[in-house]
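# Observations on the three-dimensional arrangement
So the chains spell out like this:
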Amino acid sequence: MAATSLGRFSTFKGPEIPKSKTLISSPKRYNLPLTVSFPPQSHSQSHKKKRTTLRIAATSISTTSEEVRTSPDDLVATILSKVTGTDRGVSLTEDGHKEVAKVAQLLQNYCVDEPVKCPLIFGEWDVLYCSVPTSPGGGYRSALGRLVFKTNEMIQVVEAPACVKNKVSFSAFGFLDGEVSLKGELKVLDEKWIQVIFEPPELKVGGLKFQYGGESEVKLAITYVDEKIRLGMGSRGSLFVFQRRG
């Protein structure tokens, strides 16, 4: 169940002693040379020593940087924008998954101390993203399964004090509606980790309804939760993003 300020500094070349009499500096990124002329020396001075000039050449120094917003609200908005419309992570590239993971890691810094005791974990949640797209839904979400079963909804309900219900609704072959549901008991392992032991899944297709398979269990760390989203990290490293329904 459920997270970059760049400054580029160019080099600064030291003073040179060429023959011309100008001081040239290029401030920031403007291509406007600034020329300063030294006053000419008197005739008597020119006999005493040679006239010299000082030229300082400097490359531009960029003072602009990308503004990084790291407040919880901004990070939540960012991670939602990255995972929404990706078929729960299926269509994201490898770089896209890495970006989601970076934002999720930042959000962990704002997680409450004992999220398993936070009442915000209860409610109805859409499974919006998983870094391993086949984790939620199993074979129904595999490459072959997605060709046959089009996922309509993927919902998780967490009810007090310790009940978890998962449901995946789908359309088979584009015309036959069905759903797979799981019901499990939640057990708290520590301040972040929980374990859910699920009963055998129940399949409904058309007017048919039956159970199949056996019990299953998952372990999940709650790494962030608020009124909008919940982040979870599976025991095998899968990242989940849940969005509160309604």
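See the structure printed just above.
Everything numeric here is computed off the predicted structure, so don't read it as measured data.

## Focus: the overall build of the protein
Tallying secondary structure elements over the protein gives four helices and 12 strands in all. Split by element, the accessible area of the protein, about 15,500 Å² in all, is 55% carbon and sulfur.

## Considering the nonpolar core
Grouped together as the largest cluster of nonpolar side chains are 19 residues, with contacts concentrated most on Leu186, Ile194, Val196 and Val225. Residue assignment for this core shows that the elements contributing at least two residues are β3 (123-130), β4 (149-159), β5 (163-172), β7 (193-198), β10 (216-225) and β12 (239-244). Residues Ile79, Leu92, Tyr224 and Leu239 belong to the second largest nonpolar core, which totals 18 residues.

## Quick notes on helix α2 (residues 72-83)
For α2, built from 12 residues, the straight-helix expectation of 16 Å at 1.5 Å per residue is met to within 8% by its first-to-last C-alpha distance of 17 Å. Considered for burial, the residues of α2 that qualify are Leu75, Val76, Ile79, Leu80 and Val83. Taken end-on, α2 shows its buried residues confined to a sector of 130°, consistent with a single buried face. When the buried face of α2 is taken as reference, the exposed residues oriented beyond 90 degrees from it are Asp73 and Ser81.

## So, the pattern of salt bridges
Tallied over the full model, the rule gives 10 salt bridges. Its salt-bridge partner being Lys117, residue Glu114 comes within 3.4 Å of it at the nearest N-O pair. Connected through shared salt-bridge partners, Glu124, Asp126, Glu153 and Arg245 make up one network.

## As for the environment of Val168
Mapped onto the fold, Val168 is located in strand β5. Taking the relative accessible area as the measure of exposure, Val168 reaches 12% and is therefore buried. Sequence separation between Val168 and Gln156 is 12 residues, and the spatial gap between their C-alpha atoms is 8.9 Å.

Rules and cut-offs
Residues numbered from 1 in each chain as written. Predicted model: local features only at pLDDT ≥ 70, side-chain atom pairs only at ≥ 80, totals over all residues. Heavy atoms only, no water. Helix = DSSP H or I, 4+ residues; strand = E, 2+ residues; numbered from the N terminus. Areas by Shrake-Rupley, 256 points an atom, 1.4 Å probe, with all protein chains shown as cover. Core = buried A, V, L, I, M, F, W, Y, C linked by side-chain atoms within 4.5 Å. Buried < 20%, exposed > 50% of the residue type's maximum accessible area, 1.4 Å probe, protein only. Expected span 1.5 Å × (residues − 1). Arc of directions from axis to C-beta. Salt bridge = Lys/Arg side-chain N within 4 Å of Asp/Glu carboxyl O.

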